[in-house]
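Residue-level listing of the chains:
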Amino acid sequence: MSKTFDVCIRGDGVVGRTLALLLARERLRIALVSRPQQAPGELPAADDVRAYALNSASRKVLDALRVWPDAPFATPVREMQVWGDDGGQIDFTADSVAQEALAWIVDVPALEQQLIQAVRYQPQIELVTAPAKAALTVICEGKKSASRDEFGVQWTVKAYAQKAIAARLEADMPHQGIARQWFVNGDIVALLPLGGSDASAVALVWSASLERADSLEQMPPEQFCAALQAICGPEAGQLQLTSERASWPLALSNAGHWVGSGWALAGDAAHTVHPLSGQGLNLGLADAACLAEVLAQREYWRALGDEKLLRRYERARKADVATMGAVTDGLHGLFAQSDGRWQALRNWGMKGFSRSSLLKRWVTRQAAGL
């Protein structure tokens, strides 16, 4: 006789594993579906060049599960410096909101290994290779989810005609826990500190038009670094490429419905936003925490797959995600314009924002997850 579970989670990325661990604490029986290309319990590739910017709310969730990576793999961001393309500049500091850090730049393989180990030793979670029968199915397969169609979910995509390029670099000076971002002629470049506060390694996320991104990917390492240095100037020091480059297309995506009778979506399977704010995984982890809380607080007579119950989760999360999507979409639209009048307007806005201490403090607290 086949096993039955309380919850089947399709997708064993960061959001899926985090949700599994949260629900296992409630003594629910969890089936976690592994990716086809990954054997159950197999560790992720060590050459993954991605890095996550995680805020205080995300850290609280992961700390509670005891999966927060060790110090070298979670670098605190004590300051963020943002430049426009005509003199506009904004600085954010952790001290301004009385916090240890604005965010932490977390190495992807390190976090995934922590989650894999935690799942391995959680008896309430069983790794499976195919969807299992359960009272509730949660889809955490990412933006390319193959399961959404099965539940009749409408998936709306606004393509940005941009790609993000990720890589690792080494500078000739310590980063001092400073994250840096440049908006220049439609390009958005972020250098995120890695390896601890005294290190000089950085993670690059470079958003550019499709044509320019293709050209950047094909450049020899020295030419690529020269193009990057032309944008960054001397602020982060002289940069040297230390990894391969990875890329992916950018889009604003949303599911029409996040829940139905017996199923729910979470993370990138429900929504994606532009990476310029670094909030993508924070939104996904907030989904996992919210869904776990809704299920834990359900009335004793409600089934886990009760649609009215799951609507509470959808209502709680959709507004926050919509707000972040609107903010990132608006910023992308503003900085993608090359016309000189738009350039003057956005840099005037950056200077005005920098002078507004109350607005700046509020935005800093929101981004930090406070």
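Everything discussed here concerns the structure shown above.
The sections below set out a description of the structure shown in this document. Owing to the predicted nature of the structure, the values given are computational and were not obtained by experimental measurement. (Residues numbered from 1 in each chain as written. Predicted model: local features only at pLDDT ≥ 70, side-chain atom pairs only at ≥ 80, totals over all residues. Heavy atoms only, no water.)

This part takes up the sheet that holds strand β17 (residues 263–265). Taken in spatial order, the 6 strands make up an open sheet running β8-β2-β1-β9-β17-β16, and their pairing is mixed. In this open sheet, the two strands that pair with only one neighbour each are β8 (125–128) and β16 (259–260). Here strand β1 (residues 5–10) runs beside strand β9 (residues 134–139); their pairing, made up of 5 bridges, is parallel. Within β9, the position partnered with Ile 9 by the bridge is Val 138. (Pairing = 2+ DSSP bridges. Helix = DSSP H or I, 4+ residues; strand = E, 2+ residues; numbered from the N terminus.)

A separate point is the side chain of Thr 272. For Thr 272, the location among the structural elements is in strand β18 (residues 271–272). From its side chain, Thr 272 meets the backbone oxygen of Ala 251 in a polar contact 3.1 Å long. If we ignore the near neighbours within four places in the chain, the residues touching Thr 272 are Lys 143, Ala 251, Leu 252 and Ser 253. (Polar contact = N/O pair within 3.5 Å; in protein donor to acceptor, adjacent residues only side chain to side chain. Contact = heavy atoms within 4.5 Å.)

Let us look at the pattern of salt bridges. In this structure the tally under the stated criterion is 16 salt bridges. One salt bridge in this structure joins Asp 6 and Arg 29, with 3.3 Å as the shortest N-O distance. One end of the pair, Asp 6, is in strand β1; the other, Arg 29, is in the loop between α1 (14–24) and β2 (30–33), and 23 residues separate them in sequence. Salt-bridge contacts for Asp 306 lead to Arg 302; the nearest nitrogen and oxygen are separated by 3.0 Å. (Salt bridge = Lys/Arg side-chain N within 4 Å of Asp/Glu carboxyl O.)

For the rest of this paragraph, the subject is the side chain of Glu 314. Secondary-structure assignment places Glu 314 in helix α7 (residues 307–335). In this structure Glu 314 comes out as buried when scored by relative accessible area, which is 7%. When neighbours within four sequence positions are excluded, Glu 314 is seen to be in contact with His 257, Trp 258 and Val 259. (Buried < 20%, exposed > 50% of the residue type's maximum accessible area, 1.4 Å probe, protein only.)

Here the focus is the packing of aromatic side chains. Here a ring pair, both rings aromatic, is described through the centre-centre distance and the interplanar angle of the planes. Inspection of every chain in the model, using the stated rule, returns 5 aromatic pairs. Both rings, one in Trp 258 and one in Tyr 313, keep their centres 6.0 Å apart while their planes meet at 50°; by these two values the pair is tilted. Of this pair, Trp 258 sits in the loop between β15 (246–255) and β16 while Tyr 313 sits in helix α7, placing them 55 residues apart in sequence. Sitting over the ring of Trp 104, Arg 59 keeps its end group 4.9 Å from the ring centre. The lysine or arginine in question, Arg 245, covers the ring of Phe 224, its NZ or CZ lying 4.7 Å from the ring centre. (Phe/Tyr/Trp six-rings, centres within 6.5 Å; stacked < 30°, edge-to-face > 60°. Lys NZ or Arg CZ within 6 Å of the ring centre and 35° of its normal.)

The subject of this paragraph is the sheet that holds strand β4 (residues 74–77). The strand order across the open sheet formed by 3 strands is β3-β7-β4, and the pairing between neighbours is antiparallel. If you trace the sheet from one side to the other, it starts and ends with β3 (51–54) and β4, each paired once. Recorded for the sheet is a direction-independent mean angle of 25° between the axes of neighbouring strands. Taken together, the 4 bridges between β3 and strand β7 (residues 103–107) define a ladder with antiparallel strand orientation. For Leu 54, the partnering residue across the bridge sits in β7 and is Trp 104. Strand contacts of helix α3 (residues 108–120): β3 and β7, with the helix running at about 80° to β7, the strand carrying the most contacts. (Axes fitted to C-alpha atoms, helices over the stretch in contact; angles between N-to-C directions.)

Running from N to C, α1 and α3 point in directions that differ by 35°, and their axes come no closer than 10 Å. The interaxial crossing formed by α1 with α3 has left-handed handedness. Here α1 contributes Val 14, Arg 17, Thr 18 and Leu 21 to the contact with α3, which in turn contributes Leu 111, Glu 112, Leu 115, Ile 116, Ala 118 and Val 119. (Left-handed = near helix turned anticlockwise from the far one by under 90°.)

We now examine the pairing of β1. By the criterion of burial, β1 is predominantly enclosed, with 6 of the 6 residues buried. In the sheet, β1 pairs with β2 via 4 bridges, with the strands oriented parallel. Bridge pairing in β2 links Cys 8 to Ala 31.

Here we take up the packing of α1 against helix α6 (residues 280–296). Viewed as axis vectors pointing N to C, α1 and α6 meet at an angle of 25°, and their least axial separation amounts to 9 Å. Classed by the angle they form, the pair α1 and α6 counts as roughly parallel. As α1 packs across α6, the resulting crossing turns out to be right-handed. The residues of α6 that touch α1, namely those facing Val 14, Val 15, Thr 18, Leu 19, Leu 22 and Leu 23, are Leu 281, Gly 284, Leu 285, Ala 288, Ala 289, Leu 291, Ala 292 and Leu 295. When its residues are assigned to classes, the contact of α1 with α6 shows 12 nonpolar, 2 polar and no charged. (Parallel < 35°, antiparallel > 145°, perpendicular 65-115°, else oblique. Nonpolar A, V, L, I, M, F, W, Y, C, P; charged D, E, K, R; others polar.)

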